[in-house]
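# Breakdown of the fold
Chain residues, written in single-letter form:
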Amino acid sequence: MADDRPVGGFGLYVHWPFCQAKCPYCDFNSHVAREIDQTAWARAYLSEIDRVAAELPGRILSTIYFGGGTPSLMPPDTVAAIIERARQHWPASNDMEVTIEANPGSVEAGRLAGYRDGGVNRVSMGIQALNDTDLRRLGRIHTVAEAHRALDIARNTFARVSFDLIYARQDQTLRQWRNELTQALSMAVDHLSLYQLTIEAGTAFGARHEAGKLRGLPGEDLAADMFDATQEICEASGFAAYEVSNHAASGAESRHNLIYWRCGDYVGIGPGAHGRITVGGRRLATESPLAPGRWLHHVGRGSGETVRTELTGREQAEEHVMMGLRIREGLDMARFAALNGAPFGSDRVGRLAELGMIEVADGRLAATRRGRTVLNAVIRDLLAD
Amino acid sequence: MTDLAHIRNFAIVAHIDHGKSTLADRLIQSTGTVQDRDMKEQLLDAMDIERERGITIKANTVRIDYKADDGETYVLNLIDTPGHVDFAYEVSRSMRAVEGSLLVVDSTQGVEAQTLANVYQAIDADHEIVPVLNKIDLPASDCDRVAEQIEDVIGIDASGAIRVSAKTGQGIHETLEAIVHRLPAPRGKRDAPLRAMLVDSWYDAYLGVIVLVRIMDGVLRKGERIVMMQNRSVHHVDRIGVFRPAMQAIDELGPGEIGFLTASIKQVRDTRVGDTITHERKGCEKPLPGFKPAQPVVFCGLFPVDASEFEDLRDSIEKLALNDASFSFEMETSAALGFGFRCGFLGLLHLEVIRDRIEREYDIDLITTAPSVVYHVFMRDGSMRELHNPADMPDLTHVDHLEEPRIKATILVPDDYLGDVLKLCQDRRGIQLDLTYAGSRAMVVYDLPLNEVVFDFYDRLKSVSKGYASFDYQLTGYREDSLVKMQILVNDEPVDALSVMVHRDRAETRGRAMVEKLKDLIPRHMFKIPIQAAIGGKVIARETLSALRKDVTAKCYGGDATRKRKLLDKQKAGKKKMRQFGKVDIPQEAFISALKMDN
Ligand SMILES: Nc1nc2c(ncn2[C@@H]2O[C@H](COP(=O)(O)OP(=O)(O)OP(=O)(O)O)[C@@H](O)[C@H]2O)c(=O)[nH]1
Ligand SMILES: C[S@@+](CC[C@H](N)C(=O)[O-])C[C@H]1O[C@@H](n2cnc3c(N)ncnc32)[C@H](O)[C@@H]1O
Ligand code: SF4
Ligand SMILES: [Mg+2]
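What you are looking at is a predicted structure, and each value in this text was computed from that prediction instead of being measured. (Residues numbered from 1 in each chain as written. Chains lettered and ligands numbered in written order. Predicted model: local features only at pLDDT ≥ 70, side-chain atom pairs only at ≥ 80, totals over all residues.)

Here the focus is the nonpolar core. Ile12(B), Leu103(B), Val132(B) and Val213(B) are the most contacted members of the largest nonpolar core, which has 160 residues in total. With 7 residues, strand S8 (residues 208-217) of chain B is the largest single contributor of residues to this core. Of all hydrophobic cores here, the second largest spans 102 residues; its members include Val299(A), Ile327(A), Leu383(A) and Ala561(B). (Core = buried A, V, L, I, M, F, W, Y, C linked by C-beta atoms within 7 Å. Buried ≥ 20, exposed ≤ 12 C-beta atoms within 10 Å, placed from the backbone. Helix = DSSP H or I, 4+ residues; strand = E, 2+ residues; numbered from the N terminus.)

Okay, here's the thing in C-alpha cells:
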C-alpha cells in the first residue's frame, strides 16, 4: 500500500558546491573553483525552484536549508532571492526555519547580517575543533580565534545558532575530548552537531588510511567510550542527543534535518542534491549531477534533475527504519507496516528488545542509547530478508 | 603407420616448475609441429586453472615428427606430466605408456623431492633416463654441481646430461638427438592380437569420452569393435587419431604408437585407466598388468552458501566428476550447513582446483568444511567402518579403537633450515626414519600421520624453509593411535561442520588454536559469544568474543537516504556470505581458516 499522505513536513534543500579549500576528510560534493559566474548560478537556482514548484503546488514550506560546500560563500543577494522565490511559490509556515551553513573563515559581520536581512534565521557553523594543531591536521583554513569571533558574530545576529565539531580525531584522548566538549557546551547557543571522524574512501584521508599512513585513530573501544562520554556530558548540560550526532536544547532541534529523519518530503536543488517528494501518491527519489558545470548545463536545458526513481513500499520502509532509528523519538510502526506490507517480525523485535537495543512504546519503535551506538547492526538485523 | 624403429615414446618428468611444459613447448616448436604464430607459453597447459596457476594438472600427449641428423624422420610421442605430488598418479600411468624419460632438473635449484619421486618411478618402469639440466640461461645456473648431485643423490650417470634453456631454445637440438639415439624404440608385434593400454580418458563436450591408448601389439582401426577387458564392454570405434597437439584423425594405430579413440562412450567412469583394450573377435588372451586406480585420500564437505543453489552444485559436481575419476562425492546433510556433498580428493591442491572450478565455472559460492582423512573405526563387535567425516563418528561406547593413515614423507632441505623442518615434523607427530646429506642439502624421511599433513603442512614447510624445502609422500598404511573427535561450540551450540579428529595429546593445542582463530574470524555481534572446543562434553579450550561496541554512521548526508540504502544492501550482501548458527553469523571462509595453524 502506498503512503500517499505527506508526513513529517516539507522542506527545501539548496546545495552550494564550492569551498575555498578542500578538507582532506570531506566527501561532500564540494569543489574549489577559480571563478564562479554568480549571475548564472543565481539564475539557475531560481529556475530550479520554478520547475519544482510547478509540480508541487500548495505545499506548506516549513524549512529551507543552504548546505554545502560552503554556502556562506554565496552572495547574500542570491540567498535572499532564493528565499523570496520559494515564498512566492509556496505558502510558508509561520515559523519557517531558514538555515545556512557557514565556515568560520568566510564569515564577517556584514555578511551574516546580509543573510539575516534576506530571511535566514539560523546558522550552522563548521568549527570542527577547539585547538589549532588539530584544525591544521584536519586541513582547516581557520584558527580557533577566528572561530570564536565568527561564533560571536553569529550569536549577535541570530537567535538560533549551531556549530559542528569532529571528534575521535588522530591522537585524541578521551580526557582531551571531554574537556573540549565541556568547553564547547559553554560556547553553545541552542544546538550542537558532534560527528565522529569518518574516514571516507575517495578522500585524502581515505587514501592515506588505505596506505596505512593515517596513525593515531581511535580503535572501536575508545571510539565507543568517546561516544558514551558525549552522550553523558551533553545530557547533563541540557543538550541531550535527539539524533545520533545531533544535540539541542529542548525545542531547538533542526526542523529541517528532522524532515529527513521523519521521512518527510523535501526538494533538493543544486549539484548532487537529493530529494524525496510525493507526487500523485507516488514517492519519488530525485538526484542531480554532481559536477557543478554539468548541473548548470542541465538547468540551462530545462531541468537540473537527472535521476528520478519511484521508491517501492519496501524501499520506503527501509528508509523509514534507517532514518527513523537515528532519532530518539524513533519511528511509527504502523507506518512501517503500511509501507512494508507487513509488520516487523515479532521475534526479531523481541530479541533486539531483550538485548536492550530497542524499545517499543505507544506504537513507536526506537533505538535505545545502547542501540544507537551499534545502529548499523540493529538495522541489519531488523531489515534482514 | 610407422615402423617401430622410427618411434620414440617418452615422458618429461621433473619437480614442480623445473620447466617441463616449457621444454615441451620448444620441442613442439622447433620441429614445426605448431606454427610460430600459434605458439604460446606452456601451450599444453590448456585449462584455465593451469594457465592461471602456472602449473600442469593433467598429463598431455603430443606427437611430433623429427627429421634427425641421420636423415631419417622419427615419430616422437611426448607426454608432459604434472609436478605436484597430488597428481603423481598422472605421472605413474604416463610412464607405463612410454619407454624413456627426460628427467628435467632446474640447474639453478638442483634435485628436489619430486625429482626423486619421479625418477624412482621411471626406474621402476624400466625407463631409459636422459637427464636434462634446464634454465642454463639464468646466472644462478650451476650445471656441474647439479650433475654431481644427480649422481650422488639419485645414483644415475649424469655425464651425458644435456644442458638446455627451454626459454631460449639452447640445447633443444641436442635434446632431440638424444631422444632419437639414447632412448629405445618400442617393441611390439604387428600381426599379434590387439593389446592396447588405456592410459587416460576424459570427457569432451562434442566427442564424448576420449580414450588415450598406447598400442602394445596389433593394429587398431577405425570402425572396428573393441572390448574393454575388465568389464567386457564392447564398443564401436568411430574415430581414431593423434594429438599434434590438436586432434588429427588417422586411419590406424600400430604397435608402439600412442593416440586416441572415441567410441560413443558416455561417461569417463565407463573406462578404467590401466585397462586393456582388444578386438571383440580374435582378441588377446591375457590383459596387461594394469594399474591401481587413484584413491581419494582427503575428504571435505562442500555446501552452497546460498542453500537454494544445492541443485546447481549437484549439477556442477556431477559434470566435473565426469572428467575426473579420482574425485568422489556423495550427498551429505549437516545440521549446521544443510544439504551438500562429501567429496574425496587426491590432496589439498586437487581439492582447491575442484573448488575453484565450481566457484568460477558454475558461479556457486561454497562453504568448504575441514578436510579430513579416512579413519578406520574398529567397533567392539569386531567390524570396521571407514570414517570420512568426523560428524559421523559412532558412539564411543561401541568403538574399540581407531586407526589412521600414515605416510612416508621425503623432504629435501638446505642445511640451514633443517632444524626448523625437523621441529615441524616432530610437532606433527612424525617419526624420523632417515637423515642423509648430499652436499649442503639434507634429505629427511619421516613417517607421519596423513591427517597432520593434508591441511597446511606444505604451507608451513615452505614458510619455515623460506621456500627452499621440497616434499613428496606416499601412503604406507594404517596404524592405531589415540584419536578423538573434537567439537566446536559457538554460543553454546555445537557446529558439526567444525568438528575435527585430533590426536588426544594434541587436542588441547589444536582446540586452543581453533577457538582463537574463530574469535578473529567471526564478526562481533550485539552480544558476547562464547567459543569453545570440547571432547565428549568436556570443554578443553574457551574464548569469548566480546560484544560489538560501536557501529554507527556518524554523519547524515543531507537528504541522501539513497546512499544509506546502498550501504544497507552491501551489508546484506556481506551477510549472505555467512551462515547463521542459532543467533550467530559465521563467515563461509571460517570453516577452513579456523584450522590453519601458525606453528
Ligand atoms: N629463465 C628460464 N626460465 C624457465 C626455463 N624453463 C622454464 N622456465 C620458467 O620456469 C617456470 C616454470 O616452467 P613450467 O614449464 O611451467 O614448469 P613445469 O615443470 O611444467 O611446472 P609444473 O607443470 O607445475 O610442474 C615458468 O615461469 C617458465 O617460464 C628456462 O630455461 N629458463
Ligand atoms: C556539509 S559539511 C559542511 C560544513 C562546512 N562546509 C564546514 O566544513 O564548515 C557538514 C559537517 O559534516 C562534518 N563532516 C564532514 N566530513 C566529515 C567526516 N569525514 N567525518 C566526520 N564529520 C564530517 C563536519 O563537521 C562538517 O561541518
Ligand atoms: S568540510 Fe566543509 S569546507 Fe571542508 S571541503 Fe567539506 S564542505 Fe568544504
Ligand atoms: Mg608443466
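Here we take up the site of ligand 1. All names here are of chain B. In the neighbourhood of ligand 1, 21 residues make up the surrounding shell, with Gly19, Ser21, Ile55, Thr56 and Gly83 lying closest. Here the shell around ligand 1 gets 3 residues from one element, more than from any other, and that element is helix H1 (residues 20-30). In terms of residue class, the shell around ligand 1 is built from 6 nonpolar, 10 polar and 5 charged. (Near = placed C-beta within 6 Å. Nonpolar A, V, L, I, M, F, W, Y, C, P; charged D, E, K, R; others polar.)

On to the environment of Met333(A), then. All names here are of chain A. Mapped onto the secondary structure, methionine 333 falls in helix H12 (residues 333-340). We classify methionine 333 as partly exposed; it has 18 C-beta atoms within 10 Å. Placed 13 residues apart in sequence, methionine 333 and histidine 320 show a C-alpha to C-alpha distance of 9.7 Å. Apart from the residues lying within four places of it in its own chain, the contact partners of methionine 333 are Pro343, Phe344, Gly363, Arg364 and Leu365. (Contact = placed C-beta atoms within 7 Å.)

What follows deals with the packing of helix H1 (residues 38-55) of chain A against helix H2 (residues 76-89) of chain A. All names here are of chain A. Running from amino to carboxyl end, H1 crosses H2 at an angle of 15°, the nearest separation of the two axes being 10 Å. Of the possible angle classes, the one that applies to H1 and H2 is roughly parallel. The crossing of H1 and H2 is right-handed. Touching Gln38, Trp41, Ala42, Tyr45, Leu46, Ile49 and Ala53 of H1 are Thr78, Ala81, Ile82, Arg85, Ala86 and His89, all from H2. Here the residues of the contact of H1 with H2 sort into 9 nonpolar, 3 polar and 1 charged. (Axes fitted to C-alpha atoms, helices over the stretch in contact; angles between N-to-C directions. Parallel < 35°, antiparallel > 145°, perpendicular 65-115°, else oblique. Left-handed = near helix turned anticlockwise from the far one by under 90°.)

Residue and element names in this part refer to chain A. One open sheet accounts for 3 strands, arranged S13-S15-S14; its pairing is antiparallel. Of all strands in the sheet, those bounded by a partner on one side alone are strand S13 (331-332) and strand S14 (358-361). In terms of strand pairing, S13 meets strand S15 (residues 364-367) through 2 bridges, oriented antiparallel. When the bridges of S15 are listed, leucine 331 appears paired with leucine 365. (Pairing = 2+ DSSP bridges.)

What follows covers the domain arrangement of chain B. Residues and elements named next belong to chain B. Per the domain assignment, the segments of chain B are domain 1 (4-182), domain 2 (195-279), domain 3 (298-371), domain 4 (376-480) and domain 5 (484-595). The interface is formed by 6 residues belonging to domain 1 together with 7 residues belonging to domain 3. Each residue belonging to the side of domain 1 that touches domain 3 can be placed in one class, and the counts come to 4 nonpolar, 1 polar and 1 charged. (Domains from an automatic or database assignment.)

Turning to the site of ligand 3, a few remarks are in order. In the vicinity of ligand 3, the residues found are Cys19(A), Lys22(A), Cys23(A), Cys26(A), Phe28(A), Ser30(A), Gly68(A), Gly69(A), Thr70(A), Asn103(A) and Gly126(A). Partitioning the shell around ligand 3 into residue classes produces 4 nonpolar, 6 polar and 1 charged.

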